[in-house]
Number of protein chains: 4
Amino acid sequence: MSNPNALGDLLSTLLDRHPFQKNNGKGGSVNELCMQLLAEKSEASGQHLATSILNRLRDQSQENRAEFFAFLNTQLDIDAALVAKLARQYEKFPTLENFSALSRASEPQRQELFRRLNQAPGATAELVQLRSTLLSEIKEEPDLGRTDHDLVHLLRSWFNRGFLVLRQITWDTPASILERIIAYEAVHEITNWEDLRRRLHPPDRRCYAFFHPSMPDDPLIFVEVALTKGIPNSIQGVLSENRAGIDAGAANTAVFYSISNCQSGLAGISFGNSLIKQVVRDLSRDMPNLKKFVTLSPIPGLTRWLESEGRTAILPEPQTLRQYAAHYLLDAKKPDGKPIDPVARFHLANGALIHQVHSLADLSEKGLLQSGGAMVNYLYDVSKLTSNVEAFDQKNEVAAAAAVKTLARYASKSSLA
Amino acid sequence: MSNPNALGDLLSTLLDRHPFQKNNGKGGSVNELCMQLLAEKSEASGQHLATSILNRLRDQSQENRAEFFAFLNTQLDIDAALVAKLARQYEKFPTLENFSALSRASEPQRQELFRRLNQAPGATAELVQLRSTLLSEIKEEPDLGRTDHDLVHLLRSWFNRGFLVLRQITWDTPASILERIIAYEAVHEITNWEDLRRRLHPPDRRCYAFFHPSMPDDPLIFVEVALTKGIPNSIQGVLSENRAGIDAGAANTAVFYSISNCQSGLAGISFGNSLIKQVVRDLSRDMPNLKKFVTLSPIPGLTRWLESEGRTAILPEPQTLRQYAAHYLLDAKKPDGKPIDPVARFHLANGALIHQVHSLADLSEKGLLQSGGAMVNYLYDVSKLTSNVEAFDQKNEVAAAAAVKTLARYASKSSLA
Amino acid sequence: MSNPNALGDLLSTLLDRHPFQKNNGKGGSVNELCMQLLAEKSEASGQHLATSILNRLRDQSQENRAEFFAFLNTQLDIDAALVAKLARQYEKFPTLENFSALSRASEPQRQELFRRLNQAPGATAELVQLRSTLLSEIKEEPDLGRTDHDLVHLLRSWFNRGFLVLRQITWDTPASILERIIAYEAVHEITNWEDLRRRLHPPDRRCYAFFHPSMPDDPLIFVEVALTKGIPNSIQGVLSENRAGIDAGAANTAVFYSISNCQSGLAGISFGNSLIKQVVRDLSRDMPNLKKFVTLSPIPGLTRWLESEGRTAILPEPQTLRQYAAHYLLDAKKPDGKPIDPVARFHLANGALIHQVHSLADLSEKGLLQSGGAMVNYLYDVSKLTSNVEAFDQKNEVAAAAAVKTLARYASKSSLA
Amino acid sequence: MSNPNALGDLLSTLLDRHPFQKNNGKGGSVNELCMQLLAEKSEASGQHLATSILNRLRDQSQENRAEFFAFLNTQLDIDAALVAKLARQYEKFPTLENFSALSRASEPQRQELFRRLNQAPGATAELVQLRSTLLSEIKEEPDLGRTDHDLVHLLRSWFNRGFLVLRQITWDTPASILERIIAYEAVHEITNWEDLRRRLHPPDRRCYAFFHPSMPDDPLIFVEVALTKGIPNSIQGVLSENRAGIDAGAANTAVFYSISNCQSGLAGISFGNSLIKQVVRDLSRDMPNLKKFVTLSPIPGLTRWLESEGRTAILPEPQTLRQYAAHYLLDAKKPDGKPIDPVARFHLANGALIHQVHSLADLSEKGLLQSGGAMVNYLYDVSKLTSNVEAFDQKNEVAAAAAVKTLARYASKSSLA
């Protein structure tokens, strides 16, 4: 062969050509390709077929996508009659063969399809994206919940805590990751690279993220931390351009002031609890000067709840707002007895306690709208996490500092009665 | 606190203490801990509990281990009657709720247990080890096949091709990994570090391995490659201490002369086909001078088969041995029509063809015992892989060079008739 | 010792304390510390002393700095009479002892001082900074050129090509390095991070920099490259926000459109020639589709020269401007016979040839001011580099394409005659 | 061009061809090439020429090498008469021009040659090797000391402490580096990879090395450390295959039991003091449990000295040997007043003190031969390093524990009187 690259070219042509692909151009629909992938014996060929399918899915029209999800949901569903029959058989004769047959029948084929799609390079991120799309479709077509049930089952297994990697995000992190941090920040917007620099570079700032090995450039969740003397009472103070920084060694408190989930396709798979605990563990190991671990958290449901209680528009006095906030966090409950406020539910379920509430603490438009500017510190006191979790889980008890309880009592007695 | 490390100490004490652990010392059996882990709501606590269980499992007595496997196999099995009932219900009313209920019921709880155990640091390797142990137990207690069915199902999902990482093994690889390569080599023993160096360091040698991100120091499978001019006809020539090496750029052939699976706990999960194809792809991209990709493979079942055919002990003439070997590879079949020889089955199922057979090719004790010293080259001709796979899969056709077929005909006509 | 960190604290206190440091607070001047460093026998102590001196130098007042440079220039100069005497002695008796004595005497002590200062961590960057300061002082005090002579002598030795490392700058490079790229760009300003992203991230863009191992976060010089089809005739086209990118494999030309030196303290130590040649070498090895390597360069002295020739303000016709530019590049010479234009001198001395001149090529304010918007492509034709270098070096011959020579002839004949 | 690699091939051909190389085959001698390199204006061409010269030097015959060194020593020496003249001129008129002229004249051209040779990739290691060869030649031809003076001057500048990198050597270090550690160990031979593993892998063992960025695979010096409870009294105990290891956290002492210089070409450039101090600093920062830093050192000159004192062959009683050893270390002096023993000189000059002496401490053949099996601990007490250095440097005072002094007195009073 005169051209030295010819064999390489031939090779990739051939490895890329698949028996079923001849008619890919027009004939073979995505659904047919999926059936072929499920039938494929060779992993190497399967890998190629998976790539083709994912490429197609990426560029699909809205209509074709709906068709594809319908296909997953119905054609790749279980055969319930067969499952029932095999279950009865295994009940009578609990042999390995009967068990295997039942196992196979009771797992929808779409699960195997997802696993096989995942053989392609970069597929895991595509499947996370696919679920993100699926979640939008479900709003129109709730029946697709079955397919989501299977996909989330797999993703939960793949994004198991044991596979996650904690990495510190610093000003030395690749820009390609940092631009995602900017995009994903969901609590206190990062307005530009200078703003990001102020959150990463000073010696009293930290940021940590979980990554999955198959998506090494794309964080799953991250938390921003300020190292402070004492507990800060406003986000303005934390994020101010002109604040005076301190040496990390002079801090006694670590403040978790922002936690953002990054992947809408992983909704319902929780990483936050593990992330906070891991960061508390690492920081206290490396910096014995840190004595307290608190959050500076929004109270997203306060305004709405106040309005529902007949307390509208007019901004209360700062001290009154603190009472309202304490009352809301301690006493406003869902039918199941857990707090209405989702952020409160998250931290209390992790074992934290309500430590302080602050007014004039978030003067951004969003902050004023959602909570009249109030914020709250949840305290992660490692000696009480376990008992708090149990009391909250089993008895709906909300752990709180005495001062917060007092504030709440004032509010419930007076103004909101 | 006067001692600056005190908070850190306290922290790890507390995070390490778990409500259920008080009685770990004597009371709580591993089985009870497993039930607690399945009931655990907090992932962070679950992670700790998982660590405790894995620690215990590691040091378990033979007797306790049997008990533990029995627990997994029976107590954490499915409730078949319930599955049958829920399946009938879903058949009638295919709602999301009924689907979820059936899904939950039809997956044995041990699968969820394995997933939760995997939250602990280093757990994946431990679960691979657990399966290795389980496989030994199964020989005594075949019924444990059900538990194995579930464990291998999970491991197959976790060790999905999409999660594997190909790395070249060189003389610059950490010694901690290289000592495992020495230990895992299963085809042609690596006798010492000098021998290893001869297989990695010269410019005409390569070694590649698949790794899983959760076991970054421990290869899953590796292949050793010699870059040669022409196809070698003996393993002695390839491994000789005194062989004259060549420049990589002067080679026209890549010879896969040893492929070793490393993890007995991953038996039945095949990586070899993907590994070979990936290495072929990478090598031909980087080295356009390579025109042929062949193996130099053992024929492990030849002697046994010859004996079973009434041809024993006395070593045949070289040329006769080549005829026997060709005949064996082409014509000795299992009841299902596939070749008896397991190495042949592997490469033929990958799409390779039988290219040449050699006598006097492996003069080691093992080589002489298993095949009278005969070896075989399987050729990976990328333009024929797909059609070979189909023909082998569907029609049991064995692809072979004309010369090999001729050899086989001589043997079948004459001596072995 | 009750406090487990006490030994560590004691240790760093002690290692940090130096016999001569007792009076650092007020007494010991920087000059005295330098004399002590020159007398120091222990490298470990010297390292500490060096750190102290560098710390002091960093925060020095303008006045003290002048004093320090004067100290270097006079007190640490050679003893010329002694050198003369030892030289005569060595002339008569060329023994090793006489040679050593002469060597020692003829190297100013400040060189040894610089070497000893460089023992401190991070000292190399500090010394580069020191030279930058020295270069400003020299304008006032030309006599300091002696100290500069010695410092640049050392820096040239330390920043020897053999120690430099070429690294590609990409969108995956740490932000801490990227912000320096933004700051150092000296040819076509990078206005913000988006602009930077457009120069690094698209598949048809490249950026390479030289680094020194002692300053791993701080580039010495970098070049920005566009991969194009054909030779671009304007910088606007190259930098446009809305340009249509191409696949790297579809390019046939690599355009070096910006080269920036980063360290004013390394002025006079040239890295540009080596950088371009190395990038040409690497790109043509990795991308055989690239057939031409050209620059798209400014003509910084054109306007000034036109004015000096009595051709002022009014912008000529595009075609006329091209003639002027060609004429200027080919014919405007310094007294030594080399071109007036510094960019032309640089590329011609490297062996490049003047390939094309363009009008309307740089419509930025700077571009219009310095050259009426004209730019030039210098071609790096690897088959002619050596002969071009020789002809330029020895005979002041300027290599240029025929068309450029024709353009120049028109200009010289007519308007500028 | 039909062949896509053709440009690349052409390029490397051309970049590799140099005008002066045409006659390299037979004509141009190494000396001529060196003169050309000194005349070369382009760094890129110089880099290539440097490579050619180094290639030639590597394969040179003994005879040619002698000729090359003679050339360096005489033809590239200074012109002493010119230096004398320029020095007188600078004395009279201390202008920058006169200074520069003198500077240039007083540095032998071979220094510039060495710097230019160093432009080639990998040249630094070659120049270190060149000096190693030079040092052997000097034994025959002491006059070459002049060339060595210049080469070591440059190497000392390039291997400045500020450029060195400390790296821990572990069992995860690349095998290519580990095999060098095995080869370079000069104190207590590493017999094979298992022996090496025992020195690196256990939790109570450490090894650290200095590297230079231009020789990243080749250590300059390394030290082996044992973490122990109490101070060990024999090397057998430290290196025993069957010793019981301890947790690193349980150790209170770090024992430096072997320090090896790796590069004979860097003889006379001392790294040991810096290495020990840096390791002491790092270990005490990371492990506050370590209270003592001692060596376990050989006494290489003891036997020879005893013999010179009329005490030969017959092995003394252990306790007597300890007295002799203490006496030798404290009292056996060179004419300049410093100890005869080179290891003692090294540690005492670093500020260590003689802490304990042991008999039966090194029962290897080498140990018995050189010191009758005696060894010594030098203690690095950070609170006394500075004062010890001064006392040793200025007053030849040898710091030693009281018990060691007592031992020495017994010896000097009695047996050796």
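Residues numbered from 1 in each chain as written. Chains lettered and ligands numbered in written order. Predicted model: local features only at pLDDT ≥ 70, side-chain atom pairs only at ≥ 80, totals over all residues. Heavy atoms only, no water.

K.L.:
Could you give me a rundown of the packing of aromatic side chains, with the residues and numbers involved?
P.N.:
Evaluation of the coordinates by the stated rule reveals 26 aromatic pairs over all chains. Seen in terms of ring centroids, Trp 193 of chain B and Trp 171 of chain D are 5.7 Å apart; in terms of plane orientation they differ by 70°. Their pairing is edge-to-face. Linking Trp 193 of chain B in helix α11 (residues 193-200) with Trp 171 of chain D in the loop between β1 (165-168) and α10 (175-184), this pair reaches from one chain into another. For Trp 171 of chain D, a relative accessible area of 2% puts it in the buried group. Summarising the aromatic geometry, the rings of Phe 163 of chain C and Trp 158 of chain D are spaced 5.5 Å apart at their centres and angled 80° between planes, so their arrangement reads as edge-to-face. Taken together, the residues span two chains, with Phe 163 of chain C in the loop between α9 (145-158) and β1 (165-168) and Trp 158 of chain D in helix α9 (residues 145-158). The burial state of Phe 163 of chain C is the same as that of Trp 158 of chain D; both residues are buried. Each member of the aromatic cluster is reached from another via a ring pair, and the members are Trp 171 and Trp 193 of chain A together with Trp 171 and Trp 193 of chain C. (Phe/Tyr/Trp six-rings, centres within 6.5 Å; stacked < 30°, edge-to-face > 60°. Helix = DSSP H or I, 4+ residues; strand = E, 2+ residues; numbered from the N terminus. Buried < 20%, exposed > 50% of the residue type's maximum accessible area, 1.4 Å probe, protein only.)

K.L.:
I'd like a rundown of the side chain of Gln 60 of chain A, residues and numbers included.
P.N.:
By the secondary structure assignment, Gln 60 of chain A is in the loop between α3 (43-58) and α4 (62-75). Discounting residues that sit within four places of it in the chain, Gln 60 of chain A has contacts with Val 30, Arg 65 and Phe 68 of chain A. (Contact = heavy atoms within 4.5 Å.)

K.L.:
Please provide a residue-by-residue account of the nonpolar core, values included.
P.N.:
Core analysis: the largest hydrophobic core is formed by 177 residues, its most contacted members being Phe 159 and Ile 354 of chain A together with Phe 159 and Ile 354 of chain B. The residues touching Phe 159 of chain B, leaving out its near neighbours within four places in the chain, are Thr 124, Val 128, Leu 164, His 212, Met 215, Leu 220, Leu 266 and Phe 271 of chain B. Membership of the second largest hydrophobic core comes to 176 residues, among which are Ala 120 and Leu 321 of chain C together with Phe 69 and Leu 117 of chain D. (Core = buried A, V, L, I, M, F, W, Y, C linked by side-chain atoms within 4.5 Å.)

K.L.:
Give a description of the UniProt feature "domain: Malonyl-CoA decarboxylase N-terminal" (unreviewed entry) in chain A that names residues and reports values.
P.N.:
Following the UniProt record, the feature "domain: Malonyl-CoA decarboxylase N-terminal" (unreviewed entry) maps to residues 79-159 of chain A here. Taken end to end, residues 79-159 of chain A is 80% helix and 0% strand, and its first and last C-alpha atoms sit 28 Å apart. (UniProt positions renumbered as here; feature names shortened; annotations may be inferred.)

K.L.:
Quick one: what's the story with the interface of chain C and chain A, residue by residue and with numbers?
P.N.:
Counting residues at the interface gives ten residues for chain C, matched by ten residues for chain A. Taken together, chain C and chain A are joined by two salt bridges. In this structure, the salt-bridge partner of Glu 179 of chain A is Arg 197 of chain C, at a minimum N-O distance of 2.8 Å. The interface formed by chain C and chain A includes twelve residue pairs in polar contact (both at pLDDT 80 or more). Broken down by element, the residue count for the side of chain C that touches chain A peaks at four residues, all from helix α10 (residues 175-184) of chain C. For the side of chain C that touches chain A, a count of residues per class yields five nonpolar, two polar and three charged. (Salt bridge = Lys/Arg side-chain N within 4 Å of Asp/Glu carboxyl O. Polar contact = N/O pair within 3.5 Å; in protein donor to acceptor, adjacent residues only side chain to side chain. Nonpolar A, V, L, I, M, F, W, Y, C, P; charged D, E, K, R; others polar.)

K.L.:
Tell me about the pairing of strand β5 (residues 292-295) of chain B, residues and numbers included.
P.N.:
All names here are of chain B. Here strand β4 (residues 253-261) runs beside β5; their pairing, made up of four bridges, is parallel. Opposite Val 255, over in β5, you have Val 294 as the bridge partner. Crossover handedness for the path β4 to helix α13 (residues 272-286) to β5: right-handed. (Pairing = 2+ DSSP bridges. Right-handed = clockwise from strand over helix to strand, strands pointing away.)

K.L.:
Would you mind going over unusual backbone geometry in detail, with residue names and values included?
P.N.:
Residue and element names in this part refer to chain B. Unlike most non-glycine residues, Asn 396 shows phi in positive territory, near 60°. Tracing the sequence through the fold places Asn 396 in the loop between α18 (385-395) and α19 (402-413). What makes Asn 396 partly exposed here is its relative accessible area of 23%.

K.L.:
So what's going on with the interface of chain D and chain C? Which residues, and what values?
P.N.:
The partner chain C presents 75 residues to the 73 residues of chain D that form the contact. Counting the surface lost from both chain D and chain C, the interface buries some 6,200 Å², and carbon and sulfur atoms represent 61% of this. Taken together, chain D and chain C are joined by zero salt bridges. The tally of links between chain D and chain C comes to 16 residue pairs in polar contact (both at pLDDT 80 or more). (Buried area = accessible area lost by both parts, 1.4 Å probe.)

K.L.:
Residue-level account of the relation of the copies chain D and chain C, with values.
P.N.:
Expressed as a screw transformation, the operator carrying chain D onto chain C has a rotation angle of 180° and an axial translation of 0.0 Å, and the superposed copies differ by an RMSD of 0.1 Å. Put plainly, the chains are arranged around a two-fold axis. By C-alpha distance to the rotation axis, the residue of chain D lying nearest is Ala 84 of chain D, at 2.1 Å. The share of interface residues of chain D whose copies in chain C are also at the interface is 100%, consistent with both copies meeting through the same surface. (Least-squares fit on C-alpha atoms with pLDDT ≥ 70 in both.)

K.L.:
Run through the relation of the copies chain C and chain A, naming residues and quoting values.
P.N.:
When chain C is fitted onto chain A, the two copies agree to an RMSD of 0.1 Å after a turn of 180° and an axial shift of 0.0 Å. The residues that chain C uses at the interface reappear at the interface of chain A in 100% of cases, marking a shared surface.

K.L.:
Tell me what's going on with the domain arrangement of chain A, and back it up with residues and numbers.
P.N.:
Residue and element names in this part refer to chain A. Taken domain by domain, chain A consists of domain 1 (6-158), domain 2 (162-295) and domain 3 (298-412). If you look at the interface, domain 2 gives 19 residues, while domain 3 gives 21 residues. In total, about 1,500 Å² of surface goes out of reach between domain 2 and domain 3, with carbon and sulfur atoms giving 59% of it. Taken together, the connections running from domain 2 to domain 3 amount to zero salt bridges. Put simply, domain 2 and domain 3 have eleven residue pairs in polar contact (both at pLDDT 80 or more) between them. Elements supplying a minimum of two residues to the side of domain 2 that touches domain 3: α12 (235-239), α13 (272-286) and β5 (292-295). No other element matches the five residues that α13 contributes to the side of domain 2 that touches domain 3. For the side of domain 2 that touches domain 3, the per-class residue count stands at ten nonpolar, seven polar and two charged. (Domains from an automatic or database assignment.)

K.L.:
Help me get a handle on empty space enclosed by the protein, residues and values and all.
P.N.:
Tallied over the entire structure, the rule returns eight cavities of 30 Å³ or more. Of the volumes computed, that of the largest cavity is approximately 80 Å³. Residue lining of the largest cavity: Glu 107, Gln 111, Arg 115, His 153, Leu 154 and Ser 157 of chain C together with Glu 107, Gln 111, Arg 115, His 153, Leu 154 and Ser 157 of chain D, and that is the complete set. When contributions to the lining of the largest cavity are tallied by element, the ones reaching two or more residues are α7 (109-117) and α9 of chain C together with α7 (109-117) and α9 of chain D. Looking at the lining of the largest cavity residue by residue, the classes come out as two nonpolar, six polar and four charged. (1 Å grid on protein atoms, 1.4 Å probe; cavity = no way out; pocket = protein on both sides within 12 Å on 5 of 7 lines; lining within 4 Å. Points joined across faces, edges and corners; volume = space filled by probe spheres on them.)

K.L.:
With reference to specific residues and values, describe the UniProt feature "domain: Malonyl-CoA decarboxylase C-terminal" (unreviewed entry) in chain A.
P.N.:
With numbering aligned to this structure, UniProt lists the feature "domain: Malonyl-CoA decarboxylase C-terminal" (unreviewed entry) at residues 162-309 and 319-381 of chain A. The annotated region residues 162-309 of chain A carries 30% helix and 23% strand content, and the separation between its end C-alpha atoms amounts to 45 Å.

K.L.:
I'd like to hear about the pairing of strand β8 (residues 375-379) of chain C, residue by residue, with values.
P.N.:
Residues and elements named next belong to chain C. For β8, a buried count of five out of five residues is recorded, marking the element as mostly surrounded by other parts of the structure. The two faces of β8 match: Met 375, Asn 377 and Leu 379 on one face and Val 376 and Tyr 378 on the other face are all buried. Summarising the sheet, strand β6 (residues 297-298) and β8 pair through two bridges and their orientation is antiparallel. Looking at β8, one finds that Ser 297 is bridged to Val 376. Here strand β7 (residues 353-358) pairs with β8 via five bridges, running antiparallel. Bridging from a neighbouring strand, Ile 354 pairs with Tyr 378 of β8.

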